[in-house]
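Report on the structure
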Amino acid sequence: KAGVTQTPRYLIKTRGQQVTLSCSPISGHRSVSWYQQTPGQGLQFLFEYFSETQRNKGNFPGRFSGRQFSNSRSEMNVSTLELGDSALYLCASSLKVTDTQYFGPGTRLTVL
Amino acid sequence: AQSVTQLDSHVSVSEGTPVLLRCNYSSSYSPSLFWYVQHPNKGLQLLLKYTSAATLVKGINGFEAEFKKSETSFHLTKPSAHMSDAAEYFCVVSDRPEGTGGFKTIFGAGTRLFVKA
């Protein structure tokens, strides 16, 4: 079974731009969660989707948004990028969120 | 409200000696608890999980954790450390916040394990 895939793996943007990251979950998994990992703040929960519905959201500004498609693939978007958005963005999928989450390799976003 | 506290940011042990990584949590529901490991430049890998079955949970690579509800703890242990265990370890709680239909997953700040030869 293929694991969780995330594209792109690396991304460099400048302040004020927007970015879209993509996550393809393990086949059959309907729950997708997104996390931001930084040295200072650690791993922080962004949001969780199940069957195309956002069921929970972390404490991030409205510039961070996401969606899930009918095939369970998910995207997250960050608008008006700030330097502090530089981070590793991780996606995880599971059958349901309390099940084991399988993590993708992450997208390393650098904002200049 | 949910929270996860990993009591040590760094732990250093000698190869062959026991490992103890401490984790305390708070939860308003019946949580699922996990330990994940992250090796440098690698993804997160599940070590073990607790979901209200046996309180002593065995995971991969010789790790185990004991759920103690009275102490709200979920400490990770291993009898004998190996050099390959050097990594960052995360204690995780997944819970349903009051008033919401979904679950929220909270990661602890992480404990970096150093293993000396």
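Residues numbered from 1 in each chain as written. Chains lettered and ligands numbered in written order. Predicted model: local features only at pLDDT ≥ 70, side-chain atom pairs only at ≥ 80, totals over all residues. Heavy atoms only, no water.

The next thing to look at is the interface of chain B and chain A. By a widely used convention, the size of an interface equals the accessible area lost when the partners come together. Chain B puts 16 residues into the contact, and the matching count from chain A is 17 residues. Approximately 1,500 Å² of surface area, both sides summed, lies buried where chain B meets chain A, with 55% of it carried by carbon and sulfur atoms. Our enumeration of links across chain B and chain A arrives at zero salt bridges. Summed over the shared surface of chain B and chain A, the number is four residue pairs in polar contact (both at pLDDT 80 or more). Of all the secondary structure elements, the ones that give two or more residues to the side of chain B that touches chain A are strand E5 (32-38), strand E6 (44-50), strand E10 (87-95) and strand E11 (104-107) of chain B. (Contact = heavy atoms within 4.5 Å. Buried area = accessible area lost by both parts, 1.4 Å probe. Salt bridge = Lys/Arg side-chain N within 4 Å of Asp/Glu carboxyl O. Polar contact = N/O pair within 3.5 Å; in protein donor to acceptor, adjacent residues only side chain to side chain. Helix = DSSP H or I, 4+ residues; strand = E, 2+ residues; numbered from the N terminus.)

Enumeration over the complete set of coordinates arrives at 14 aromatic pairs over all chains. Seen from their ring centres, Phe103(A) and Tyr36(B) are 5.3 Å apart, and the 85 degrees between their planes marks the pair as edge-to-face. With Phe103(A) in strand E10 (residues 102-103) and Tyr36(B) in strand E5, the pair connects residues from two separate chains. Residue Phe103(A) is classed as buried on the basis of its relative accessible area, which comes to 12%. (Phe/Tyr/Trp six-rings, centres within 6.5 Å; stacked < 30°, edge-to-face > 60°. Buried < 20%, exposed > 50% of the residue type's maximum accessible area, 1.4 Å probe, protein only.)

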